[in-house]
Amino acid sequence: QVQLVESGGGLVQPGGSLRLSCAASGSIFSINAMGWYRQAPGKQRELVANIISGGTINYADSVKGRFTISMDKAKRTVYLQMNSLKPEDTAVYYCNVVAVPHGLGPRGFWGQGTQVTVSS
């Protein structure tokens, strides 16, 4: 029904930058929200940033001023530009989309996860 493909993770030095991408495909009637969560070892999954269909953008306090979320509606793709990366940003980053599949009600979908490691 709906598939999410993430890319852009990797190893980067502190202070460096990465750009994550997440493309949605499948039988999608509409998308209500797109965003990013992350989970570090031994920690609970947390919201990093998301965009609601009406235009509202939310950021975790820990990433404000450093990360920027954006979306290309035509490509059904959400991006996360991560600047000034810190070791504490190290985590598996998961794309999340709230979408309405054809013939169904709205529901959440998860990407496969992409590893971001910030280390010297």
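It should be noted that the structure appears before, not after, this text.
Source: prediction; values computed, not measured.

Visitor: Is there a simple way to explain the nonpolar core in this structure?
Guide: Nonpolar side chains tend toward joint burial in soluble globular proteins. Residues Leu-4, Trp-36, Val-48, Phe-67, Leu-80, Met-82 and Tyr-93 are the most contacted members of the largest nonpolar core, which totals 29 residues. For this core, the elements supplying multiple residues, two or more each, are β1 (2–7), β3 (18–26), β4 (28–39), β5 (46–52), β7 (67–72), β8 (77–82), β9 (91–101) and β11 (114–118). Of all the elements, β9 adds the most residues to this core, at five residues. Filtering out sequence-adjacent residues up to four positions away, Tyr-93 remains in contact with Glu-6, Leu-20, Trp-36, Tyr-37, Arg-38, Val-48, Phe-67, Leu-80, Met-82, Gly-113, Thr-114 and Val-116.

Visitor: How do you make sense of the layout of surface pockets when you look at a structure like this?
Guide: In this approach, a probe sized like a water molecule rolls over the atoms, and the result shows the empty space that is left. Volume-wise, the largest pocket comes out at about 150 Å³. Contributions of two or more residues to the lining of the largest pocket are made by β4, β5 and β7. Sorting elements by how many residues they give to the lining of the largest pocket places β4 first, with seven residues. Classifying every residue of the lining of the largest pocket by side-chain character gives eight nonpolar, three polar and three charged.

Visitor: Honestly, the pattern of salt bridges in this entry has me stumped. Any pointers?
Guide: Any two side chains of opposite charge can pair, given that their charged atoms come close. One pass over the full model with this rule turns up four salt bridges. A salt bridge links Asp-61 to Lys-64, with the nearest nitrogen and oxygen atoms 3.1 Å apart. The salt bridge involving Asp-89 is made with Arg-66; its shortest N-O contact spans 2.8 Å. With Asp-89 in the loop between β8 and β9 and Arg-66 in the loop between β6 (57–59) and β7, this pair connects stretches of sequence that are 23 residues apart. Take Asp-89 and Arg-66: they sit in the same class, and that class is buried. Members of the salt-bridge network, linked through shared partners, are Arg-38, Glu-46, Arg-66 and Asp-89.

Visitor: Would you mind showing me how to read the pairing of β11 here?
Guide: Regular strands place side chains that alternate from one sheet face to the opposite one. Of the two faces of β11, the one lined by Thr-114, Val-116 and Val-118 is fully buried and the one lined by Gln-115 and Thr-117 carries no buried residue. Pairing between strand β2 (residues 10–12) and β11: three bridges, direction parallel. Pairing of Leu-11 across the sheet is with Thr-117, part of β11.

Visitor: Which parts of the structure should I look at to understand the pairing of strand β10 (residues 107–110)?
Guide: Both β9 and β10 contribute to a ladder of four bridges, which runs antiparallel. Looking at β10, one finds that Asn-96 is bridged to Trp-110. Between β9 and β10, which pair antiparallel one after the other, the connecting turn spans five residues, and Gly-103 there sits at a positive phi close to 85°.

Visitor: How should I be thinking about the packing of aromatic side chains in this particular structure?
Guide: Describing an aromatic ring pair means giving the distance of the ring centres and the angle of the ring planes. The final tally for this structure, using the stated rule, is two aromatic pairs. Centre to centre, the rings of Tyr-37 and Trp-110 are 5.1 Å apart; their planes meet at 65°, and the pair counts as edge-to-face. Residue Tyr-37 is found in strand β4, and its partner Trp-110 is found in strand β10; the two are separated by 73 residues along the sequence. The partly exposed category is assigned to Tyr-37, whose relative accessible area is 22%. Overall, the relative accessible area of 41% leaves Trp-110 in the partly exposed class.

Procedures and definitions
- Residues numbered from 1 in each chain as written.
- Predicted model: local features only at pLDDT ≥ 70, side-chain atom pairs only at ≥ 80, totals over all residues.
- Heavy atoms only, no water.
- Core = buried A, V, L, I, M, F, W, Y, C linked by side-chain atoms within 4.5 Å.
- Buried < 20%, exposed > 50% of the residue type's maximum accessible area, 1.4 Å probe, protein only.
- Helix = DSSP H or I, 4+ residues; strand = E, 2+ residues; numbered from the N terminus.
- Contact = heavy atoms within 4.5 Å.
- 1 Å grid on protein atoms, 1.4 Å probe; cavity = no way out; pocket = protein on both sides within 12 Å on 5 of 7 lines; lining within 4 Å.
- Points joined across faces, edges and corners; volume = space filled by probe spheres on them.
- Nonpolar A, V, L, I, M, F, W, Y, C, P; charged D, E, K, R; others polar.
- Salt bridge = Lys/Arg side-chain N within 4 Å of Asp/Glu carboxyl O.
- Pairing = 2+ DSSP bridges.
- Phe/Tyr/Trp six-rings, centres within 6.5 Å; stacked < 30°, edge-to-face > 60°.

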